[in-house]
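Close look at the chain arrangement
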Amino acid sequence: MQRESLSTPPFRWVTSIRDHPTLVLIWILPTVWLELISFLSGTLFDPVKTTGRVLFTLAVLALSCWAAASSRISRKVLIVCAGLISGLAAGWLNSRGIPASTLAVWPSLVAYYAVLLIGINHLTVNRARWIRWLLMGTGALYSAVLPVALAQLETRFSEEEFFVALQAAALIVFWVLLWTAFSLSIKKFSFEDANNNKEITAKNGHSRASYLIGLIVITGTLLFGWIVIRSYQNSFYTPSAPGFAGISPDRPFICASLPESDQNPEYTAEAAFQTLQELVEAHPRKGPSEYGLLAISRRDPVYAAEFRRSLLAEAEQGKYTGPANSIKFGQYEAALRLYFYSQVKEFFPDLFDAQDEEILQQWFAAINRRALTSEWVDWLYALAFNKIPEGPYENQENGAGLLALLEVTGMADPNLSSQNRAYLDQNVRGWETRFKNTDDALIYQPEWIYNALFQSQYRGGSSPDNQKLSFYWILAQALPTGAPFGYNHPAPVNLTGIAALGARLLQDSNLAWLAAQAANYSANSHGYIAAVPGAEKPFAVDPESPDLGSCLLFSDSGLPNQVGPLAPDKIVFRDGWQVDDKYLMLNLRFTGWHRYKATNTITLVYQGEPLAGDHASGQAFSWLPSGRSLFRDKRIPRENLNGIVVPRSGFDAALNILTGVGSPWAQDPPAYAEVVEFATGSEYDISTTRITGWNGWEHTRTILFYHRGPIVIIDTAQGPKGSRAGLTWNTFGQIVDQTHGDRVQLRDGSEKTELVVVPLNGEGMSISHEENGLRLLYQSEKTGHLEAVSLFLTGEWWGSEVSLLNDGNTLRLLQQGKELSIPLQ
């Protein structure tokens, strides 16, 4: 049977595929691979997405074969032009938040893959084998890097870097399978025009045009790579941020003052310090720092001997002197050893003999050398921070803190002392520069404060205003119960130690009260704490309950080595500081090195225990570098938070459909929410915040925090037609009665609490259950619009009848003769 050419007529050759069943299987393999990747990523089977993957694969292979069947350049030019036009159209539409941008992406992706296949096929003709393999490998890299980079540029690099790399690896395998299918196809059909073209190429060699195209590709790659790198470096924060009337660098917080209350727990400084010691003593895995704190605080020679033994044991092991690999947190742990070594020596000057001192001097000198050694992970930080790596760990200023202590204690390597001082003089950090570390995670602020303390000892002082603000930023967010908590990290933060340090440094009664409250909570919960600097000595001020009410918090932005603008951070609502008082935290940002997608989401609703908040527990991947394996930062998906979610668009949506990695919801909220209103009053406190320009959506969230009453959250979102947004709520604990219509029972007993979501446009609500609580997803059946009111009803307002009045402009609560009318406009 005479083989058919694709060019006579176009696509007639498709009918002959039935004569090549093996080819059919090969054409299916790329789609099978994509389905496997989707399955491994945990995505449920979706027939629509599967159909899309099949059509995409067939379109790429069919278009490639059609173009390869002819020696005429017009077909190739047509494909390139179509790809460019559709790509530009996709970018233009996406920049305006038009859902059609995703549809425009598909032709550009099909054309791009087809051009790659055709181009690599053309360039490999009459080449040495190693060149052919090199060109095919280059094609595989281009097939993944460009689409993934475009998606990251669209989303401001909002996805975890290692998972982006895995997505790229999956696309490389996909391209290899496409290349295999394409190569075998053109061999099977023995295209006449293609064969003639190959013979001409073999005789005449590659034309100058091929080399010109190669030069253009290389130049374009370098230029595009530079754009990607610079965009990545600029993705951690914005050069400007929205402000608010009354907020300034001298006054970054606006807080209400609470009336005095005799209902809050009362403590003494002595009792609080005693409880702190007991919590350290209860630590099941005490190390040098814990033994050192107990030796100093109790003047106990037994604990001093344990401190000596454990410290010398670590010195003999050479701890913190080896390669750090992906985590350089060891520089902070080494600084803790050095701090307590210097403090213990003051109280026990004869504890270490001359031989011990020599061992420790050599050990700390080796730690100094390691701290100034650049490792592979430093180059990753250097790429992000746009600086040449020097070795000291930039995050939380751990490296600067260690070097400062080495110099203060005289334990630095004498040959490196000048280098230590040069680094510290060129990198003036700590309280001299800011009052808060730039990450969006509570756990890093105490660590940053300890390093600021070490640097202030080296410099002989610091800014007293920044010092106080650094502690009051923590105090303003503390829970009334003093319970450990946090966000954007799986480990909750115990505030006992950091509050004790603040109380002693500032002679502050409010911080002393927080230290006592946190210590009391941990003691009653049979907990323990680790030793921290400054907590080994008592504070001399008697604790007094804080008078801070609801607060609007702005804070420092930027990176460890870059100072950004003062920017929106958090809004904290509270009734007071009694253990059963209500509390709510609203996050206003998605910036920093350690950042998560929390812009305009509610981080925590609390009343004696968590009621709703970030769902920040997830799988830790052991095969990832240790620093990337935790479920934190950009690994936490937007739908695990409490706010609006919108669909992906553009290249981001296309790659999500192809690989199935991640949810269909966009993961790149705006960097900041604009604070439109914040006010406090005797009846309720109120805030209105807004995000705009998120895939064409605008979201306004108003919170009415009624004192001794309900919490009311009004969400209004407008977006492009054809796009459906959602509203998510993640609750804590066991759901008692599942759901009753639109009411979710959060807890039973004497402290009954329920969450009621009321759609304002008359649409329905879907509810999905999860193992550790309940996730509610509200979606309007209408596209381009979402409007709902969420109410947390506790105490006497639990079980209230909820109704809309005045054409939906007023929400009314009725409960046992009591009525509350809530304006919604």
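Before going into details, it helps to say that this report is about the structure given with it.

Procedures and definitions
- By convention here, each chain's residues receive numbers from 1 onward along its written sequence.
- Per-residue local features are limited, in this predicted model, to residues with pLDDT of at least 70; the limit for side-chain atom pairs, both in listing and counting, is 80 or more; totals at the level of whole chains, interfaces and linings are taken over all residues.
- To obtain the side-chain values, all non-hydrogen atoms of the structure were included, while hydrogens and water were left out.
- Think of a 1 Å grid over just the protein atoms. A cavity is a set of points where a 1.4 Å probe fits yet cannot get out, a pocket is an open set with protein on both sides within 12 Å along at least five of seven lines, and lining residues have an atom within 4 Å of a point.
- Grid points are joined across faces, edges and corners, and a volume is the space filled by probe spheres set on the points.
- Under the DSSP-based scheme used, a helix requires at least four consecutive residues in state H or I and a strand at least two consecutive residues in state E, with every element numbered from the N terminus.
- Note that Gly is not counted as nonpolar here; it falls among the polar residues with everything else outside the nonpolar set of Ala, Val, Leu, Ile, Met, Phe, Trp, Tyr, Cys and Pro and the charged set of Asp, Glu, Lys and Arg.
- Helices are assigned an expected span. That span is 1.5 Å times one less than the residue count.
- A simple rule labels every residue: compare its accessible area, found with a 1.4 Å probe on the protein chains alone, to the largest value its type can have, and call it buried under 20%, exposed over 50%, or partly exposed in between.
- Residue contacts are defined here by distance: any two heavy atoms, one from each residue, within 4.5 Å place the two residues in contact.
- In this tally Asp and Glu are treated as negative and Lys and Arg as positive; neither His nor the chain ends contributes.
- What makes a salt bridge here is a side-chain nitrogen of Lys or Arg within 4 Å of a carboxyl oxygen of Asp or Glu, nothing more.
- Any pair of N or O atoms that falls within 3.5 Å is considered a polar contact. Within protein, one atom must be able to donate a hydrogen and the other to accept it, and sequence-neighbouring residues count only if both atoms are side-chain atoms.
- In this analysis, strands are considered paired if DSSP registers two or more bridges between them.
- Lines are fitted to the C-alpha atoms to define the axes, a helix being fitted only along its stretch in contact, and any angle between axes, read from their N-to-C directions, falls within 0 to 180 degrees.
- The arc in question is the one spanned by the directions pointing from the helix axis to the C-beta atoms.

A few points about empty space enclosed by the protein
Applying the stated criterion to the full structure yields 4 cavities of 30 Å³ or more. Computed from the structure, the largest cavity encloses a volume of approximately 90 Å³. As for the largest cavity, its lining consists of Asp-378, Tyr-381, Ala-382, Phe-385, Lys-387, Pro-389, Glu-390, Gly-391, Pro-392, Tyr-393, Glu-394 and Tyr-423. With 4 residues, the single largest contributor to the lining of the largest cavity is helix 14 (residues 376-385). Of the residues contributing to the lining of the largest cavity, the split by class is 7 nonpolar, 1 polar and 4 charged.

A few points about helix 11 (residues 301-317)
The end-to-end C-alpha distance of helix 11 is 24 Å, a good match for the 24 Å that 17 residues give at a rise of 1.5 Å each. The complete set of buried residues in helix 11 reads Tyr-303, Ala-304, Phe-307, Ser-310, Leu-311, Leu-312, Glu-314 and Ala-315. Those residues of helix 11 that are buried lie in contact with helix 9 (269-281), helix 10 (288-298), helix 12 (330-347) and helix 13 (354-371). Downstream of helix 11 by one or two residues, Gly-318 has phi in the positive range, about 70°.

Digging into the side chain of Asp-685
Examined against the element boundaries, Asp-685 turns out to sit in strand 11 (residues 684-694). Buried charge Asp-685 goes without a salt bridge, the closest partner of opposite sign being Arg-574 at 8.8 Å. Within polar-contact distance, the side chain of Asp-685 engages the backbone nitrogen of Gly-681 at 3.0 Å. When neighbours within four sequence positions are excluded, Asp-685 is seen to be in contact with Ser-550, Phe-573, Arg-574, Ala-679, Thr-680, Ile-703, Leu-704, Phe-705 and His-707.

Quick look at the sheet that holds strand 1 (residues 253-257)
Here we have 6 strands laid out as an open sheet, ordered 1-2-5-6-7-8, and antiparallel in their pairing. Among the strands making up the open sheet, the edge pair consists of strand 1 and strand 8 (610-613). Taking each pair of neighbouring strands and ignoring which way they run, the sheet shows an average axis angle of 10°. Helix-sheet contacts for helix 18 (residues 464-475) involve strand 1, strand 2 (548-555) and strand 5 (567-574), and the interaxial angle to strand 2 is about 125°.

Observations regarding helix 14
Quick reminder: α-helices carry 3.6 residues per turn. Residues three or four places apart thus point the same way. Among all positions of helix 14, only Val-377, Asp-378, Tyr-381, Ala-382, Ala-384 and Phe-385 are buried. All buried residues of helix 14 project into a common sector of 165° when viewed along the axis, lining one side. Count one or two residues on from helix 14 and you reach Asn-386, which has phi positive near 55°.

Details of the side chain of Asn-437
With respect to the helices, strands and loops of the structure, Asn-437 is situated in the loop between helix 16 (417-426) and helix 17 (444-459). We classify Asn-437 as buried; its relative accessible area is 3%. Of the polar contacts made by the side chain of Asn-437, one reaches the backbone nitrogen of Asp-439; its length is 2.9 Å. Here the side chain of Asn-437 touches Gln-445 through a polar contact of 3.1 Å, side chain to side chain. When neighbours within four sequence positions are excluded, Asn-437 is seen to be in contact with Gln-396, Tyr-444, Gln-445 and Trp-448.

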